[in-house]
There are 2 protein chains.
Amino acid sequence: MIATALTEMFDLLHPIVLAPMGSVSGGELAAAVSNAGALGLVGGGYGDHGWLRTELDRVRDRTQRPWGIGLITWSIDQDTIDIALAYSPAAFMLSFGDPRPYAPSIKAAGCKLIIQVQDVEDARLAKHAGADIIVAQGSEAGGHGCSRATLPLVPAVVDAVAPIPVLAAGGIADGRGLAAALMLGADGVLMGTRFCASVEAMCKEASKQRLIASRANDTARTRVFDIVRGLSWPSEYTGRAIRNSFFERWEHREGDLTVALVMEREKYRAAVRAGDYDTAVIWAGEAVDLIDRVESAGTLVEQISADAESQLRGAADLIASPSR
Amino acid sequence: MIATALTEMFDLLHPIVLAPMGSVSGGELAAAVSNAGALGLVGGGYGDHGWLRTELDRVRDRTQRPWGIGLITWSIDQDTIDIALAYSPAAFMLSFGDPRPYAPSIKAAGCKLIIQVQDVEDARLAKHAGADIIVAQGSEAGGHGCSRATLPLVPAVVDAVAPIPVLAAGGIADGRGLAAALMLGADGVLMGTRFCASVEAMCKEASKQRLIASRANDTARTRVFDIVRGLSWPSEYTGRAIRNSFFERWEHREGDLTVALVMEREKYRAAVRAGDYDTAVIWAGEAVDLIDRVESAGTLVEQISADAESQLRGAADLIASPSR
């Protein structure tokens, strides 16, 4: 096992956190990750109360280990926060927006506050907002994010917010990525795309298979899926998805899509229901290159941590005694 | 000292390679890096023969250690390769374009061939072309490159080209980045931006100071500086530079710039001569966040390697004995 400030804070065996991906990280996946000794976060997304209650009931039923929840900050309100807090999560993650209105109630509930940021300036704001953990998310991540890359962002955030523990997110799907994140000064990783291709992920099997078959060059950042779904994402955020027919058709034609919205939205919703991924979105990060099979979440956690441990043990062997 | 396939190949003390940056990595900087026990590459850029001879004379005069040269593949011809090979470099790096026409003569000269790539497919082509080392360069790098991020690109390239040694490039400016690259499976790093802010870099002092004052959010990828300089870069490559007045003025107006070229080019050239960096380009990567002073190149090499060694030694301490 790898011991860091993250594992100490939540009594974990592995410094790995499940990204709270809406429609993917349900109670079953979060519980599986927590039961394996990592930290599962339920993906509460935009804050649908019915969905939240169902999945929070589920995670609480299925694990005795610490688990948490994550929400999209710009989309929620205090009611949503309060519904989630009533389930006594160990961790509460806020991403994409100003966390300050909600930080006090989360911390007053005795819940650890995780704030995800995409640049150094927002990391400083997160520290001032009272974050117990800050996630530095790079542009290679699947789903929503900004433009900075993980590798140079993580050490810059670590320097800016010390001694607050930092997690690396974006581009990490195996033990090498976890070991690298620790060398950058992070206390663990937040992984999304890798857990999309897990048995317990809520998404349809066809989307898991398509994710496995995709390569990083097939992914790109876009707004078209937010536009067709009618979601008012702040302009600084785009989403990394697998390019499909819908993506190719509307890329660089966002204005036209807005005009055609009534008809396109109906077609889009039907495609989501039917699992037609030529139209429906599959969010995925550049780490898809490292993902070749659907695996149970618990096995993933154990294998990634074991591989990272092996990389870390090998680190000392790279240091030679000077002989010249 | 850190021992890898890279250090073994060139008898180095440190697994660090100076990026062959045109107008920055002259003979003096390359020699300083090589004399410190890393590998200095002269930045031959677009292949100006007079510049090349001057700087290759200089590097050969100033170091007895292995050094090399790097050129922009799409811009050069066999004459340029032959001029460089006559100086007996230990390493020859080709970036940005098809290396196959030049690989045989480089290898026939007993020179190690380093090929820089920006995605997994080109990494496979580089292996087939006979590369002795492959550099996986991420989008966070300063200067020319593509869109993939370093952190997920490096392990994917390592898997695709094994057992060819891989170097990580893009976003690395300190010992944490070097240690992380080694954990990703790389055998070393190629660093550019960090060495721009070195005493021996050929660029003007004002550009070094501006680089130090910049933050990653001030950098972005663009074509405007290539257009004004009249350089026919293939469409897949853009350059990461510090945003300045010229950048802001012509961004998203590349067509207008092409129309205004005769007048703008004269003004641009005058700005370069005058060191006016509101107009002239300063290439810089996202690692500028980690750069706060101009330092001698030898000190940088030794400090980065020592810091990486310290991170690697600490890696074993992260592994706890299971107590639960």
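Quantities reported herein were computed from a predicted structural model and do not represent experimental measurements.

### Comments concerning the pairing of strand β8 (residues 166-169) of chain B
Residue and element names in this part refer to chain B.
Reasoning step 1: Side-chain alternation along β8 places Val166 and Ala168 on one buried face and Leu167 and Ala169 on a second face that is also buried.
Reasoning step 2: As defined by bridge partners, β8 adjoins strand β9 (residues 188-191) across three bridges and the pair is classed as parallel. The residue of β9 that forms the bridge with Ala169 is Leu190.
Reasoning step 3: For the crossover that starts at β8, traverses helix α8 (residues 175-183) and ends in the parallel β9, the hand is right-handed.

### Some remarks on the packing of helix α2 (residues 27-35) of chain B against helix α3 (residues 49-62) of chain B
Residue and element names in this part refer to chain B.
Reasoning step 1: Two elements in contact, α2 and α3, have axes whose closest approach is 8 Å; the angle formed by their N-to-C orientations is 30°. Our classification of the angle between α2 and α3 gives roughly parallel. Once α2 is placed against α3, the crossing between them reads as right-handed. Contacts between α2 and α3 pair Gly27, Glu28, Ala30, Ala31 and Asn35 from the former with Glu55, Arg58, Val59 and Arg62 from the latter.
Reasoning step 2: Class assignment of the residues belonging to the contact of α2 with α3 gives a composition of three nonpolar, two polar and four charged.

### Observations regarding the confidence of the model for chain A
Reasoning step 1: For chain A, per-residue confidence averages 97 on the pLDDT scale, and 99% of positions sit at 70 or higher.
Reasoning step 2: For this predicted complex, the interface confidence comes out at an ipTM of 0.97, alongside a pTM of 0.97.

### A short note on the relation of the copies chain A and chain B
Reasoning step 1: Expressed as a screw operation, the relation of chain A to chain B combines 0.0 Å of axial shift with a rotation of 180°, fitting to an RMSD of 0.0 Å. Considering both components of the superposition, the chain copies are consistent with a two-fold axis. Rotation axis and chain A: the residue whose C-alpha lies nearest the axis is Ala180 of chain A, separated from it by 2.0 Å.
Reasoning step 2: Both copies share a contact surface, since 100% of the interface residues of chain A are interface residues in chain B too.

### What about the interface of chain A and chain B?
Reasoning step 1: The interface is formed by 50 residues belonging to chain A together with 50 residues belonging to chain B.
Reasoning step 2: Where chain A abuts chain B, roughly 4100 Å² becomes buried across the two surfaces, and 62% of that area is made up of carbon and sulfur atoms.
Reasoning step 3: One can count six salt bridges joining chain A with chain B.
Reasoning step 4: Across the pair Arg176 of chain A and Asp159 of chain B runs a salt bridge, and its minimum N-O distance is 2.9 Å.
Reasoning step 5: Applying the counting rule to chain A against chain B returns 14 residue pairs in polar contact (both at pLDDT 80 or more).
Reasoning step 6: Looking at the side of chain A that touches chain B, the elements that each hand over two or more residues are α7 (150-161), α8 (175-183) and α15 (297-315) of chain A.
Reasoning step 7: The element that contributes the greatest number of residues to the side of chain A that touches chain B is α7 of chain A, accounting for seven residues.
Reasoning step 8: In terms of residue class, the side of chain A that touches chain B is made up of 27 nonpolar, 11 polar and 12 charged.

### Description of the pairing of strand β11 (residues 238-242) of chain B
All names here are of chain B.
Reasoning step 1: Within β11, five of the five residues are buried, which leaves it mostly tucked inside the rest of the structure.
Reasoning step 2: Covered by surrounding structure in β11 are Thr238, Arg240 and Ile242 together with Gly239 and Ala241, the residues of both alternating faces.
Reasoning step 3: Alignment of strand β7 (residues 143-145) against β11, held across three bridges, turns out to be antiparallel. By the bridge assignment for β11, His144 is matched with Gly239.

### Description of the domain arrangement of chain A
All names here are of chain A.
Reasoning step 1: With domains assigned, chain A is organised as domain 1 (5-202 + 293-317) and domain 2 (205-274).
Reasoning step 2: If you average the C-alpha positions of domain 1 and of domain 2, the two centres end up 24 Å apart.
Reasoning step 3: If you look at the interface, domain 1 gives 23 residues, while domain 2 gives 17 residues.
Reasoning step 4: Summing both partners gives a buried area of about 1500 Å² for domain 1 against domain 2, and 60% of it is carried by carbon and sulfur.
Reasoning step 5: Taken together, domain 1 and domain 2 are joined by zero salt bridges.
Reasoning step 6: Seen at the junction of domain 1 and domain 2, the total is 14 residue pairs in polar contact (both at pLDDT 80 or more).
Reasoning step 7: At the level of secondary structure, the elements contributing two or more residues to the side of domain 1 that touches domain 2 comprise β7 (143-145) and α9 (193-196).

Thresholds, definitions, all that
- Residues numbered from 1 in each chain as written.
- Chains lettered and ligands numbered in written order.
- Predicted model: local features only at pLDDT ≥ 70, side-chain atom pairs only at ≥ 80, totals over all residues.
- Heavy atoms only, no water.
- Buried < 20%, exposed > 50% of the residue type's maximum accessible area, 1.4 Å probe, protein only.
- Helix = DSSP H or I, 4+ residues; strand = E, 2+ residues; numbered from the N terminus.
- Pairing = 2+ DSSP bridges.
- Right-handed = clockwise from strand over helix to strand, strands pointing away.
- Axes fitted to C-alpha atoms, helices over the stretch in contact; angles between N-to-C directions.
- Parallel < 35°, antiparallel > 145°, perpendicular 65-115°, else oblique.
- Left-handed = near helix turned anticlockwise from the far one by under 90°.
- Contact = heavy atoms within 4.5 Å.
- Nonpolar A, V, L, I, M, F, W, Y, C, P; charged D, E, K, R; others polar.
- pLDDT = per-residue confidence, 0-100.
- Least-squares fit on C-alpha atoms with pLDDT ≥ 70 in both.
- Buried area = accessible area lost by both parts, 1.4 Å probe.
- Salt bridge = Lys/Arg side-chain N within 4 Å of Asp/Glu carboxyl O.
- Polar contact = N/O pair within 3.5 Å; in protein donor to acceptor, adjacent residues only side chain to side chain.
- Domains from an automatic or database assignment.

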